[in-house]
Amino acid sequence: MEQLGVAMDIGTSGLRAQAVDLASGKVISTAISLTHPLPGANVVDHLHFALEVGVSTATQILRQAVRTMVHHLRIPVASIRRLALCGNTVQLSLFQGIEVRDLAYTGTRKLAALGIVAPDRHGIIVNAGTLPGLGVEKHCAVIIPPAVCPTIGADGLAMLLQSDILRETQTALITDYGTNAEMALYHDGRIITASAAAGPAIEGQQIACGMLAAPGAVSDLQPLDASGYRLLVLDEAMQPVQGPVVELERPSAAESTSVLVWGITGTGVVALLSEALRGGHIQLPYIQTPDSRLHLGQKLYFSEEDLQEAGKAIGAIRAGHVTLCHNAGIGYGDVHAVYMAGAAGTYADPVKAMSVGLLPSSAQEVHQVGNTSLKMARELVLAPSRLEAMEQLAEQLRVDHCVLAASDIFKKMYMLELSFWSEGLPMTAYRKLMNRYGIKEFSMKVASPVIQRDEQGERRQWGRLGLQIVADAGQTLSRAIAGCSACSCCVQACPQSALELEGDVDPPLMRLCQSRCAGVACKRCEQVCPEKVMVLSDFFAACPLG
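Now for a look at the structure at hand. (Residues numbered from 1 in each chain as written. Predicted model: local features only at pLDDT ≥ 70, side-chain atom pairs only at ≥ 80, totals over all residues. Heavy atoms only, no water.)

1. Description of the overall build of the chain
A tally of regular secondary structure across the chain gives 17 helices and 24 strands. For a compact globule of 546 residues, the expected C-alpha radius of gyration is about 24 Å, and the chain comes in at 23 Å, within 12% of that figure. Here the C-alpha coordinates of the chain stretch approximately 60 × 55 × 55 Å along the principal axes. Per-residue burial over the chain gives 57% buried out of 546 residues. By sequence separation, contacts in the chain at least 24 residues apart represent 67% of the contacts at least 6 residues apart. Of the side chains in the chain, 43 bear a positive and 52 a negative charge, and the two mean positions are spaced by 2 Å. (Helix = DSSP H or I, 4+ residues; strand = E, 2+ residues; numbered from the N terminus. Rg over C-alpha atoms; globule rule 2.2 N^0.38 Å. Buried < 20%, exposed > 50% of the residue type's maximum accessible area, 1.4 Å probe, protein only. Contact = heavy atoms within 4.5 Å. Lys, Arg positive; Asp, Glu negative; His and termini not counted. Charge placed at Lys NZ, Arg CZ, Asp CG, Glu CD.)

The structure is reproduced here in structure tokens:
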């Protein structure tokens, strides 16, 4: 019987898994989920959910999702000898079922007052039997890498170890572009890390017609000589192919094409912003079209509300970058090389990303290094001893970590970014305020960088069994609600269409899609219930997960 391993990246927006032959090191199959199983759109939502309904419930949901991903790899479970995971501190802590309150609260006094002791988050290897619910044999070794701190997890270590940034001789910046954007500046042998809560728009979520990177997602668009733009759409192999031609100013009839378009992903949002700003379709903070929308066909559109969401995400990342540079005593324009990691970093057009502010426009080199978190998990599957290198680097990074939430420079830069995106603050005023704050200016003029893409990246490493898309890594929970009048107010109020009511039974039956739910930070369903019998947490208490 062949001996297999499973490598898995538990991201904030979804999970990615690969089956690996332990003898040859070759990838056998790949599975990608389009959702995260926990309610909410970011790590704060996931933490809030876990604290309200119980960490054990959140752990059970997350392990169920891991089991689902393993199933979709289409390999014999009895052959799995190792399971290696990588992800941020919140995801891996919830997976383990350990204390997470130290991640939700800041300050030693607050933690002491609450009696919270931070758990050991060093790398470990344990038998799956100690982590019930994974769907693998009890003797399977589960490899969990270390965290640097609450905001920099194993995925932050992965982006440094799985790129060449530590071999750079000039100033370099690396970012794992995602909902929680980990970043690091390498300057004169010093590594300064940080993490910016960019928000889900950078991955195509909380956008009206947005979606994660998956077949049917618009990942880019190209201007044509005539009026119009050619959409680039991800196919079944996650390769960008030519889609229909659209006009941004108005809904346009789709031309005859075999390429199906379902939504727009994060890199598509970046490309759309770049082209619309260049073409004058956007004059911040407004979209300059008859209906204040940018159109990508008959049904897909991008609204001014979407523009604000994208601006918040881009602004948080650029503010984080500038803060790191300021802490190193340099300007944002002094960065020579940029490394782009994560799904957004894999598919984004670097020049377009530069034009909207996702990386310094003066950089001379751009390296797109792919999903470094999944690569790290794959390396750990094949060589568990790599945990030692991760531990050594984690110890080094703890010395020079920048907490953006506590940085006055970050706060000032983020306010400038919000003013730029939300109020149309002119760059002349932007620069004057930077000077007043003692921050070095940077050029907005886009350079012509040398671009190096990871040709051995994940898109061509799906394995001999290929790629399988998992539409929903979560579950649908059902609950009979006594006292419910079946008025459907909660269904109509749900911003994510996560609820479905069966009102012709007594008592009425409500179904909740947990991965669509916006989480306990939303609770619009509870707020509009006239009988006050709709209680979100009751779904998880009354419906055991299997």
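Having put the structure on the table, let's press on.
2. Re the pattern of salt bridges
For the structure on display, the rule yields 17 salt bridges. Here E247 ties to R250 by a salt bridge, and the two come within 2.6 Å at their closest N and O atoms. Residue E247 is classed as partly exposed on the basis of its relative accessible area of 29%. Overall, R250 belongs to the partly exposed group, its relative accessible area being 43%. Bridged by salt links that share partners, the residues D220, E275, R278 and K352 form one connected network. (Salt bridge = Lys/Arg side-chain N within 4 Å of Asp/Glu carboxyl O.)

3. As for the sheet that holds strand β6 (residues 141-144)
Sheet architecture is open: seven strands sit in the order β5-β6-β4-β1-β2-β3-β21, paired in mixed fashion. The open sheet has two edge strands, β5 (124-127) and β21 (467-470), and neither has a second partner. On average, each strand axis in the sheet is inclined to that of its neighbour by 20°, with strand direction left out of account. Where β5 meets β6, four bridges bridge the pair, whose relative direction is antiparallel. (Pairing = 2+ DSSP bridges. Axes fitted to C-alpha atoms, helices over the stretch in contact; angles between N-to-C directions.)

4. Observations regarding the side chain of Q308
Among the secondary structure elements, Q308 is positioned in helix α8 (residues 304-327). On the basis of relative accessible area, Q308 is assigned to the buried category, the value being 17%.

5. A closer look at the sheet that holds strand β11 (residues 229-234)
Spatial strand order, β12-β11-β10-β13: four strands in an open sheet with mixed pairing. Bordering the open sheet on either side are β12 (240-246) and β13 (263-264), each of which pairs with just one other strand. Of the strand pairs in this sheet, β11 and β12 are connected by five bridges, and their pairing is antiparallel. When the bridges of β12 are listed, Y229 appears paired with V246.

6. Quick look at helix α11 (residues 372-382)
A large share of α11 lies buried, amounting to nine of its eleven residues. Among the residues of α11, those classed as buried are T372, S373, L374, K375, M376, A377, R378, L380 and V381. Its side-chain oxygen at 3.2 Å from the backbone nitrogen of S373, N371 defines the N-terminal cap of α11. (Polar contact = N/O pair within 3.5 Å; in protein donor to acceptor, adjacent residues only side chain to side chain.)

7. Thoughts on the nonpolar core
Counting 92 residues, the largest nonpolar core has M8 and F95 as its most contacted members. Sorting elements by how many residues they give to this core places helix α2 (residues 55-71) first, with seven residues. With residues up to four places along the chain from it excluded, the contact list for F95 reads I10, T59, L62, R63, V66, L85, L131, L134, V142 and I144. (Core = buried A, V, L, I, M, F, W, Y, C linked by side-chain atoms within 4.5 Å.)

8. Some remarks on the packing of helix α1 (residues 43-53) against helix α3 (residues 89-96)
Where α1 meets α3, the axes come as close as 10 Å, and the angle between the chain directions of the two elements is 25°. Taken together, the axis directions place α1 and α3 in an arrangement best described as roughly parallel. α3 is crossed by α1, and the crossing has left-handed handedness. Of α3, the residues touching α1 (which contributes V43, H46, L47 and A50) are V90, Q91 and L94. Counted by class, the contact of α1 with α3 contains five nonpolar, two polar and no charged residues. (Parallel < 35°, antiparallel > 145°, perpendicular 65-115°, else oblique. Left-handed = near helix turned anticlockwise from the far one by under 90°. Nonpolar A, V, L, I, M, F, W, Y, C, P; charged D, E, K, R; others polar.)

9. Quick notes on the state of the cysteines
Scanning all chains against the criterion turns up zero disulfides. In this structure C517 is a free cysteine whose sulfur lies 6.6 Å from that of C494, the closest cysteine sulfur available. In this structure C522 is a free cysteine whose sulfur lies 6.5 Å from that of C494, the closest cysteine sulfur available. (Disulfide = S-S within 2.5 Å.)

10. Looking at the packing of aromatic side chains
Enumeration according to the criterion identifies six aromatic pairs in this entry. With centroids separated by 6.1 Å and ring planes inclined at 80°, the aromatic side chains of F420 and Y430 adopt a geometry described as edge-to-face. On the criterion of sequence distance, the pair formed by F420 in helix α13 (residues 408-423) and Y430 in helix α14 (residues 427-437) is long-range, its members being ten residues apart. Grouping residues by exposure puts F420 and Y430 together as buried. (Phe/Tyr/Trp six-rings, centres within 6.5 Å; stacked < 30°, edge-to-face > 60°.)

11. Examining the packing of helix α6 (residues 154-161) against α11
Two numbers describe how α6 lies on α11: the axes approach to 8 Å, and their chain directions differ by 85°. With respect to α11, the axis of α6 lies roughly perpendicular. Contacts between α6 and α11 involve D155, A158, M159 and L161 from the first element and T372, S373 and M376 from the second. Taken together, the residues that form the contact of α6 with α11 break down as four nonpolar, two polar and one charged.

12. Structural notes on the pairing of strand β10 (residues 217-223)
Counting buried residues along β10, five of its seven residues qualify, which places the element largely inside the surrounding structure. Two elements, β10 and β13, share two bridges in a ladder whose sense is parallel. Across the sheet, the residue bridging to A217 is G263, located in β13. Bridge count for β10 against β11 is five bridges, and the pairing is antiparallel. Each residue of the ladder has a partner; that of V218, found in β11, is V233.

13. A word on the pairing of strand β9 (residues 190-197)
Taking burial as the measure, the eight residues of β9 include six buried ones, the bulk of the element. The pairing of strand β8 (residues 180-187) with β9 spans eight bridges and is antiparallel. Looking at β9, one finds that E182 is bridged to S195. If you look at the hairpin formed by β8 and β9, you'll find two residues sitting between the two strands, and D188 has a positive phi there, around 50°.

14. Describing unusual backbone geometry
Between L284 and P285 the backbone carries a cis peptide bond, its omega angle lying at 10°. By secondary structure assignment, the location of P285 is in the loop between β14 (282-283) and β15 (286-287). Positive phi is not limited to glycine here, since D188 has a value of about 50°. Among the secondary structure elements, D188 is positioned in the loop between β8 and β9. With a phi close to 60°, A486 is a non-glycine residue in the positive phi region. Overall, A486 belongs to the partly exposed group, its relative accessible area being 26%.

15. A word on a nonpolar patch on the surface
There is a patch of nonpolar side chains on the surface, built from L51, Y105 and L114 and spanning about 230 Å² of accessible area. In this fold, L51 is placed in helix α1. According to the relative accessible area criterion, L51 is partly exposed, its value standing at 33%. (Patch = residues over 30% accessible without salt bridge, like charges linked within 9 Å, V, L, I, M, F, W, Y side chains within 5 Å. Areas by Shrake-Rupley, 256 points an atom, 1.4 Å probe, with all protein chains shown as cover.)

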